[in-house]
Amino acid sequence: MLLHILLFLGALAKVTEPAPRCETGQETLGQCQTEQKAKCVDITVGTCNDVPYSKTMYPNLLDQKARQAVEYSSEYVLISVIHNLLQGECNPDLRLLGCSILAPQCEKDKIIKPCRHICEKLKKSCLPAFDAIDMAWPYFLDCDRFFAGEEEGCFDPLAKLRGELEVAEEDPLAGLPTTFIQFTHHSYSQMVSILKRTASKCSHIARTYSIGRSFEGKDLFVIEFSTKPGHHELLKPEFKYIGNMHGNEVVGKELLIYLAQYLCSEYLLGNPRIQMLINHTRIHLLPSLNPDGYDLAAEEGAGYNSWINGRQTAQNLDLNRNFPDLTSEVYARARIRGARIDHIPIPQSYWWGKVAPETKAIMKWMRDIPFVLSASLHGGELVVTYPYDYSRHPLEEKMFSPTPDEKMFKLLAKAYADAHPIISDKSEIRCGGSFGKRGGIINGAEWYSFPGGMADFNYLHTNCFEITVEVGCEKFPLEEELYSIWHENRESLLNFIEMVHRGIKGIVSDKLGNPIKNARISVRGIRHDITTADDGDYWRLLPPGTYIISAHAVGYSKVIKKVTLPVKMKRAGRVDFVLRPSEFWPNKFLRRPMEAMRDQYDPLEHFDPHAQHAQPGQRNERGDLTRNKERPWWWSYFSSLGQHKPMWLLKRN
């Protein structure tokens, strides 16, 4: 019986044994099988749909044999979330580099490997970002193993990012003077190219990073200028410009691209004003908050100036109506004695509506960086507006609605308007509005009222003061007009940045010199406090005058000082506070203040790429507290992979 079973299994093995590979001339005999040759196929891998080629091949360079195998892999998950893990650093460069391995370029049914020198250059600049989050460099981005030299025939996976597919192969700026700026309209890829090239030219004072992505997946790129790019420096104020909030209002976008090049060039040339500005200020420029809307507006072209097409996002949302309406909350609280009307939390009901990813990105940005001053650049008029933008009476469309900082906001608005030759002109012949007699500035709600604006949100949720600048009558002007528009706005742009140094600044600490975070800085007579940053430093914008300033924090006694700011004073006065522990805490300090309470559901709080997920220690048999083998905070991003988690990302001691 056993012999019969063995004979049967032997016969079965012969049946199931794969046929040998065919020799020449044997294909038709049925005694061998032909090898199926891999062919180029269309790229359908979701995260890699914007690579600068259209065909790939399976198996790929990691021997993954189908799209499904790729998209269920830990390598794919990594490149999908790398933007969040590194907070926009080195992206989309790293994602595109990863795609060149997972979905490599295919031509004539042959895989073309990505270039080794591109990998090596990117690894050199991005490895510190991996080290910062305690993550190993991904094995599949091993430059020696998976990449090829130029002599072997390779391709550049970052070519599209640098705009090489949309502009001439020869760099139009090559050989031109350092201060040369091309006054043209820029597509998204051209904008990214110029920002990255500018940051590379001034790498010791500049860097690019992304604060998030648009609805259609475009990175919201920022270029930063500072003596320590990427880091907040003690007592150095944070400033931001935002352009292209409405996609069809393009002048602000172009102005910030020009400004980035100007700051870099003039710093290198030794311009003392620009060097002073960058050495003492951290400047962030976000040229396009709505790149999806810009693409739609650009299809109609310059000069068309549609007031509708491209204004909103790809989700059909107006970003300047999409922020939480905290102004209505202020009007309700103002009637309550002692109620705070600053640093108001986001109402839970806000999240029930449709919130654009661009809006979330801006709010998260504001929460991460202690901005002091900001301006949003729009188009369609020539005027500077300041908060509040929402009327005290909801039925009044044009009603003067000042903030407690009315005097400071007027000073800020005038700083931009007075330096602009047309906005400051007393002539009433404008785009349609009549602002000449007002000096080119107006309270936003007095011009026209609307809720959910970004400027009001800045002022009521953070320490930041923001104005809105309408930089031209035409929303999408012809290219020949851009040169004169730049020269009309250049001095205003610089003058407004310098206003971040008005008022007072200082450090709040305890008697041992330890910084006190979230201490309140109050000004008698102005019902709007600002709070200290993580390092205990603060900046309080104030016009010239004499003030009674106080600093206070939970568990500490209040300290009061009298300060005088002369009219001609152009730099912030230094006012430090040393707080001593309070021997007696009133009952009100034992309760959580309203403004310190966070919503039960707050996506901005939950979406924290640096959240710690360490588990508490356990006790061994002797009762000693032992430390668990903690995984890095980012390990939870790969929880869905089960047994296939990327152990290769964990650093080995």
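Residues numbered from 1 in each chain as written. Predicted model: local features only at pLDDT ≥ 70, side-chain atom pairs only at ≥ 80, totals over all residues. Heavy atoms only, no water.

## Remarks on the sheet that holds strand 7 (residues 238-243)
Paired through backbone hydrogen bonds, the strands of a sheet run either parallel or antiparallel to each other.
And step 1. With mixed pairing, eight strands are arranged side by side in an open sheet as 5-6-8-7-9-12-10-11. Since the sheet does not close on itself, it has two edges, and those belong to strand 5 (206-213) and strand 11 (441-443), each with one partner. Strand-to-strand twist of the sheet, defined as the mean angle between neighbouring strand axes without regard to direction, takes the value 25°.
And step 2. Inspection of the sheet shows strand 9 (residues 371-378) paired to strand 12 (residues 465-472) by six bridges, in the parallel sense. Within strand 12, the residue paired with Leu377 across the bridge is Val469.
And step 3. In the packing of helix 16 (residues 482-498) onto the sheet, contacts are made with strand 7, strand 8 (282-286), strand 9 and strand 12, and the angle to strand 7 comes to roughly 145°. (Pairing = 2+ DSSP bridges. Helix = DSSP H or I, 4+ residues; strand = E, 2+ residues; numbered from the N terminus. Axes fitted to C-alpha atoms, helices over the stretch in contact; angles between N-to-C directions. Contact = heavy atoms within 4.5 Å.)

## A short note on the layout of surface pockets
And step 1. In this structure, the second largest pocket encloses a volume near 540 Å³.
And step 2. The wall of the second largest pocket is formed by 20 residues, among which Asp50, Lys160, Tyr188, Gly217 and Lys218 lie closest to the centre.
And step 3. At the level of elements, helix 4 (93-102) and helix 7 (188-201) are the ones that each hand at least two residues to the lining of the second largest pocket.
And step 4. Its residues assigned to classes, the lining of the second largest pocket shows four nonpolar, seven polar and nine charged. (1 Å grid on protein atoms, 1.4 Å probe; cavity = no way out; pocket = protein on both sides within 12 Å on 5 of 7 lines; lining within 4 Å. Points joined across faces, edges and corners; volume = space filled by probe spheres on them. Nonpolar A, V, L, I, M, F, W, Y, C, P; charged D, E, K, R; others polar.)

## Some thoughts on empty space enclosed by the protein
And step 1. Following the criterion strictly, the structure yields four cavities of 30 Å³ or more and no others.
And step 2. Estimates place the volume of the largest cavity at around 60 Å³.
And step 3. Forming the boundary of the largest cavity are Leu411, Arg502, Gly503, Leu542, Pro543, Pro544, Leu565, Pro566, Met569 and Arg571.
And step 4. Along the lines of polarity and charge, the residues of the lining of the largest cavity split into seven nonpolar, one polar and two charged.

## Examining the environment of Thr281
And step 1. Within the secondary structure, Thr281 sits in the loop between helix 9 (272-280) and strand 8.
And step 2. Sequence separation of Thr281 and Glu498 is 217 residues, and the distance between their C-alpha atoms is 8.6 Å.
And step 3. With residues near it in sequence (within four places) discarded, Thr281 still touches Phe225, Ser226, Lys236, Pro237, Phe239, Ile497, Val500 and His501.
And step 4. Side-chain polar atoms of Thr281 contact the side chain of His501, separated by 2.8 Å. (Polar contact = N/O pair within 3.5 Å; in protein donor to acceptor, adjacent residues only side chain to side chain.)

## Brief notes about helix 5 (residues 116-132)
And step 1. Over its 17 residues, helix 5 extends 24 Å from the first C-alpha to the last, a length consistent with the 24 Å expected when each residue adds 1.5 Å.
And step 2. Taking the largest bend as the criterion, helix 5 deviates by roughly 45°, centred on Cys126, and proline Pro128 comes between one and four positions later.
And step 3. Here helix 5 has its buried residues at Ile118, Cys119, Leu122, Cys126, Ala129 and Phe130.
And step 4. Tucked inside the fold, the buried residues of helix 5 contact helix 3 (74-85), helix 4 and helix 6 (143-146).
And step 5. At the exit of helix 5 stands Asp134, carrying a positive phi of roughly 60°. (Expected span 1.5 Å × (residues − 1). Bend = angle between axes of the 7 residues up to and from the residue. Buried < 20%, exposed > 50% of the residue type's maximum accessible area, 1.4 Å probe, protein only.)

## Some points on the state of the cysteines
And step 1. The tally for this structure, following the rule as stated, stands at six disulfides.
And step 2. The residue that forms a disulfide with Cys48 is Cys99, at a sulfur-sulfur distance of 2.0 Å. Because the torsion about its S-S bond is -85°, the bridge between Cys48 and Cys99 counts as left-handed. Note that Cys48 is positioned in the loop between strand 1 (41-42) and strand 2 (55-56) and Cys99 in helix 4, a separation of 51 residues in sequence.
And step 3. Classification of Cys99 by relative accessible area gives buried; the value is 0%.
And step 4. One disulfide bridge connects Cys202 with Cys264, the sulfur atoms lying 2.0 Å from each other. Because the sign of the S-S torsion sets the handedness, a value of about 90° for the bond joining Cys202 and Cys264 places this disulfide among the right-handed ones. Taken together, the residues Cys202 in the loop between helix 7 and strand 5 and Cys264 in helix 8 (residues 251-268) connect sequence positions 62 residues apart.
And step 5. Note on Cys202: relative accessible area 0%, which makes it buried.
And step 6. On the basis of relative accessibility, which here comes to 0%, the residue Cys264 falls in the buried class. (Disulfide = S-S within 2.5 Å.)

## Thoughts on the packing of aromatic side chains
Given two aromatic rings, their pairing is described by the distance between the two centres and the angle made by the two planes.
And step 1. Tallying each qualifying case throughout the model produces 28 aromatic pairs.
And step 2. Note on Phe239 and Phe496: the rings are 5.8 Å apart at their centroids and 65° apart in plane angle, and the pair reads as edge-to-face. Residue Phe239 is found in strand 7, and its partner Phe496 is found in helix 16; the two are separated by 257 residues along the sequence.
And step 3. The exposure class assigned to Phe239 is buried, which follows from its relative accessible area of 0%.
And step 4. Plain terms: the ring middles of Trp447 and Tyr448 are 4.9 Å apart, the flat faces sit at 65° to each other, and that makes the pair edge-to-face.
And step 5. Looking at Tyr448, the relative accessible area reads 32%, which means it is partly exposed.
And step 6. Joined through ring pairs, the aromatic side chains of Tyr331, Tyr386, Tyr388, Phe409, Tyr459 and Phe465 make up one cluster.
And step 7. Over the ring of Phe577 we find Lys561; its NZ or CZ atom is 5.1 Å from the centre of that ring. (Phe/Tyr/Trp six-rings, centres within 6.5 Å; stacked < 30°, edge-to-face > 60°. Lys NZ or Arg CZ within 6 Å of the ring centre and 35° of its normal.)

## Overview of the pattern of salt bridges
And step 1. In the structure shown here, the tally under the stated rule is 32 salt bridges.
And step 2. We note a salt bridge from Arg273 to Glu498, for which the minimum N-O separation is 2.8 Å. Highlighted residues: Arg273 in helix 9 and Glu498 in helix 16, separated in sequence by 225 residues.
And step 3. Between Arg340 and Asp342 there is a salt bridge, with its nearest N and O atoms 2.9 Å apart. (Salt bridge = Lys/Arg side-chain N within 4 Å of Asp/Glu carboxyl O.)

## A few points about the nonpolar core
And step 1. By size, the foremost hydrophobic cluster in this structure holds 99 residues, and its most contacted members are Phe225, Tyr241, Leu285, Ile362, Trp365 and Leu412.
And step 2. Here this core takes eleven residues from helix 8, the largest share from any one element.
And step 3. Excluding its chain neighbours within four sequence positions, the residues that come into contact with Phe225 are Thr198, Ile205, Ala206, Ala260, Leu263, Cys264, Ile278, Thr281, Arg282, Ile283 and Leu285.
And step 4. Judged by nonpolar contacts, the second largest core, of 53 residues, contains Ile43, Val51, Leu97 and Leu158. (Core = buried A, V, L, I, M, F, W, Y, C linked by side-chain atoms within 4.5 Å.)

## Considerations on the confidence of the model for the protein
And step 1. Chain-level pLDDT for the protein is 84 on average; 83% of the residues reach the 70-or-more range.
And step 2. Low pLDDT, under 50, characterises residues 24-30; the predicted model gives this stretch four contacts beyond four residues in sequence or across chains. (pLDDT = per-residue confidence, 0-100.)

## Structural notes on the packing of helix 7 against helix 8
And step 1. Remark: helix 7 packs on helix 8, axes separated minimally by 10 Å, with the N-to-C direction vectors making an angle of 15°. In this view, helix 7 runs roughly parallel relative to helix 8, as classed from their interaxial angle. Two packed elements cross with a definite hand, and for helix 7 against helix 8 that hand is left-handed. Contact with helix 7, carried on its side by Tyr188, Met191, Ile194, Leu195, Thr198 and Lys201, involves Lys253, Ile257, Ala260, Gln261, Cys264, Ser265 and Leu268 of helix 8 and no other residues of that element.
And step 2. Looking at the contact of helix 7 with helix 8 residue by residue, the classes come out as eight nonpolar, three polar and two charged. (Parallel < 35°, antiparallel > 145°, perpendicular 65-115°, else oblique. Left-handed = near helix turned anticlockwise from the far one by under 90°.)

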